[in-house]
Structures are given as structure tokens and as C-alpha cells.
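Analysis of the macromolecular model
Residue strings, one per chain:
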Amino acid sequence: MTDIKGHSRDLQKYLSEEFALPVYTGSPSNCSLYYYVCNRDFNYLCDETVVLLTLSYDIDFSAAVNRSPVTGSASFPGSYGATMITDCNGNSLSLWEAISTSNILLKAKRLADSNPDSLLNKYRDNLTFRNLLEIFYSGDPLVKDLFHYMADAIGYTLAQLIHAFHPHRIFIGDEIPISESFHHMVIEATRSHLPVTASSEDFPQIERLCTLRETRNDPSLIGATLYATNKIIQDPEWIKQ
């Protein structure tokens with residue numbers, strides 16, 4: 001990483017020295033996926049190739065085969081957000097610019113500025129993603145169009161991941177609407193971005209992961225803890241490496 005003075009730093013080494021403890025870096029999506037494949041509620045993932053796409057202020061993905069995470073499927077946290085896509089308006093931009101939480105909120109605020117009668121103006125000075133979801137559920141046409149834009153960008157992304165991994169199942173988590181209508185938007189957008197020659201039999205199961213956004217229930221934190229614990233059990237010297 002580059003610090004505020006423009007000097008290049010080894011983040012892992014720097015934090016290890018600061019805390020006088022071994023520090024390991026990893027993608028939150030990798031840790032989240034590790035949590036899911038270790039969870040008995042997800043035993044049905046045996047013999048499956050699974051992709052997890054996490055959408056929040058960062059964009060990440062991870063993959064697992066037969067409940068074993070694929071090493072290197074995701075690198076520095078948020079790096080997948082730099083992937084270039086073409087949105088439904090024909091614009092070329094990064095995935096982060098298109099659908100990260102911060103940019104979706106920015107688009108919503110711009111809509112509020114040009115549409116004073118929209119429900120968006122109810123939260124004009126302090127719009128959060130949760131507010132945006134409430135407005136979407138209420139049926140506001142402007143916000144529905146905004147989430148249709150988001151669904152199309154997600155569909156474009158999932159089509160690329162399907163082409164790369166041929167997964168049996170795709171999980172989408174974090175900042176997305178929990179509604180059948182949005183789920184349908186994503187599925188239809190994914191199909192539209194796949195080649196016309198793609199077989200319907202190869203289309204994966206697309207599922208939403210609904211997790212309470214509380215620290216004690218955070219899949220990435222639990223997954224990182226499970227990973228470290230399992231490594232220590234397998235090799236007590238691992239923590240000293």
C-alpha cells in the first residue's frame with residue numbers, strides 16, 4: 001500500500017510490527033465463504049462449485065469447489081470493484097462506480113435533486129442505504145429504476161463469473177434488497193448478458209444471503225476466526241510463522 005507521504009509500505013509487515021503479533025490479510029468475501037462452507041446449514045454445498053459475490057462499500061467475490069475455497073479467486077479487499085463493465089446505458093465504468101453502496105447513494109441523491117416530489121427528499125440530508133431500501137419497497141418509480149440499473153450491473157457481473165467458473169450456485173450478499181422482485185431482476189439481467197447459445201441447464205441457482213448486519217453475526221469475522229482456529233489446530237506453529 002502507499003501511505004499519505006507517498007511511500008510504499010508492506011501492510012502485513014507493518015501491522016505485525018505494530019501489534020507484535022502475526023497479521024494476515026485477506027478478502028472479506030473469502031472469509032465469508034469460509035464461514036458458509038464450514039456451516040452445517042450449508043452441507044448441501046458438497047460436490048458443488050459455488051461463487052459468492054459481496055456488494056457493499058467494496059465489491060468482492062470468492063469461489064469454492066466441494067466446500068474448499070479456491071485459493072487466489074480474490075485478492076486485496078475490494079479489488080474486484082476495479083473490474084470494468086458496460087452498464088445498461090452503454091457506459092463503460094468500474095463495478096465499484098456502478099453498484100457500490102456509496103455510488104448508489106450518490107446516484108440517489110442526484111435523483112432527489114432533480115425530482116423534488118420523490119420520496120427520496122424525505123431523507124435528503126441523511127440518506128442511508130436502509131432508507132433507500134424502504135423507498136424501493138414502497139414502490140417509488142425513481143428508486144425502482146435505480147435498483148433496476150443495479151440489478152443489470154449485477155447480472156453483467158454474474159454472467160462473467162458464470163463464464164469463468166461454471167458454478168452450480170451463486171450467493172449474493174450484503175447491501176441488496178430482500179425482495180422477490182429484485183431477485184427476479186437480477187436473474188433476468190444475468191440471462192440477458194449470457195450468450196444466446198448458453199444452455200439453460202448450465203444456469204446456476206442464484207440465491208440471496210440475508211444476514212443481520214451485526215458484528216456478532218458478521219460472516220467475514222466469524223469465517224476469519226474459524227480459518228485461524230483451524231490452521232492453529234492443524235499446525236500450532238502456524239501462528240509463529
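Everything here concerns the structure above.
The following paragraphs examine the structure supplied in this document. Residues take numbers from 1 onward in each chain, read along the sequence in its written order. Since the coordinates come from a predicted model, pLDDT governs what is reported: local features require at least 70, and pairs of side-chain atoms require 80 or more to be given and counted, while whole-chain, interface and lining totals use all residues. The basis for every side-chain value is the complete set of non-hydrogen atoms in the structure, without hydrogens or water.

1. What to know about the overall build of the chain
- Secondary structure summary: the chain contains eight helices and seven strands in total.
- Relative to its 241 residues, the chain shows a buried fraction of 42%.
- For the chain, the share of sequence-separated contacts (at least 6 apart) that also reach a separation of at least 24 residues comes to 61%.
- Throughout, the Shrake-Rupley method with a 1.4 Å probe supplies accessible areas, and for residues the shown protein chains are the sole cover considered. As displayed, the chain offers around 13800 Å² of accessible surface, 52% of which is attributable to carbon and sulfur atoms. Secondary structure counts use DSSP, requiring at least four H or I residues in a row for a helix and at least two E residues in a row for a strand, with both numbered from the N terminus. Accessibility here uses a 1.4 Å probe with only protein chains present; expressed as a share of the type maximum, an area under 20% marks a residue as buried, one over 50% as exposed, and anything in between as partly exposed. The contact definition used throughout considers only heavy atoms, calling two residues in contact when any of these lie within 4.5 Å.

2. Some words on the packing of helix H6 (residues 141-165) against helix H7 (residues 180-193)
- Every angle, taken between N-to-C directions, lies between 0 and 180 degrees, and every axis is a line fitted to C-alpha atoms, over only the stretch in contact when it is a helix. Axis separation between H6 and H7 bottoms out at 7 Å; the angle between their running directions is 45°. Between H6 and H7, the angle falls in the class oblique. The hand of the H6/H7 crossing is right-handed. Residues Lys144, Phe147, His148, Met150, Ala151, Asp152, Ile154, Gly155, Tyr156, Leu158, Ala159 and Ile162 of H6 form the contact with H7, whose own contacting residues are Phe182, Met185, Val186, Ala189, Thr190 and His193. Angle categories: roughly parallel below 35 degrees, roughly antiparallel above 145, roughly perpendicular from 65 to 115, and oblique for all the rest. Crossings are assigned a handedness: left-handed for a near helix turned anticlockwise from the far helix by less than a right angle, right-handed for a clockwise turn.

3. Some points on unusual backbone geometry
- Although it is not a glycine, Asp47 sits at a positive phi angle of roughly 65°.
- Position of Asp47 relative to the elements: it lies in the loop between helix H2 (28-38) and strand S1 (49-55).
- A positive phi is found at His166, a non-glycine position, where the angle reads about 50°.
- With respect to the secondary-structure elements, His166 resides in the loop between H6 and strand S6 (169-174).
- Exposure remark for His166: the relative accessible area of 60% places this residue in the exposed category.

4. Some thoughts on the nonpolar core
- If you look at the biggest cluster of nonpolar residues, it comprises 47 residues, and the most contacted ones within it are Leu132, Met150, Ile154 and Phe182.
- When contributions to this core are tallied by element, the ones reaching two or more residues are S1, strand S2 (59-65), helix H3 (95-99), helix H4 (101-114), helix H5 (129-138), H6, S6 and H7.
- Apart from the residues within four sequence positions on either side, Met150 is in contact with Leu55, Ile99, Ile104, Phe129, Glu175, Ile176 and Phe182. Working definition of a nonpolar core: buried Ala, Val, Leu, Ile, Met, Phe, Trp, Tyr and Cys residues. They are joined through side-chain atoms within 4.5 Å.

5. Looking at the pattern of salt bridges
- Take a side-chain nitrogen of Lys or Arg and a carboxyl oxygen of Asp or Glu: if they are within 4 Å of each other, that pair is a salt bridge. This model, assessed by the stated rule, comprises three salt bridges.
- Through salt bridges with shared partners, a single ionic network connects Glu48, Arg169 and Glu207.

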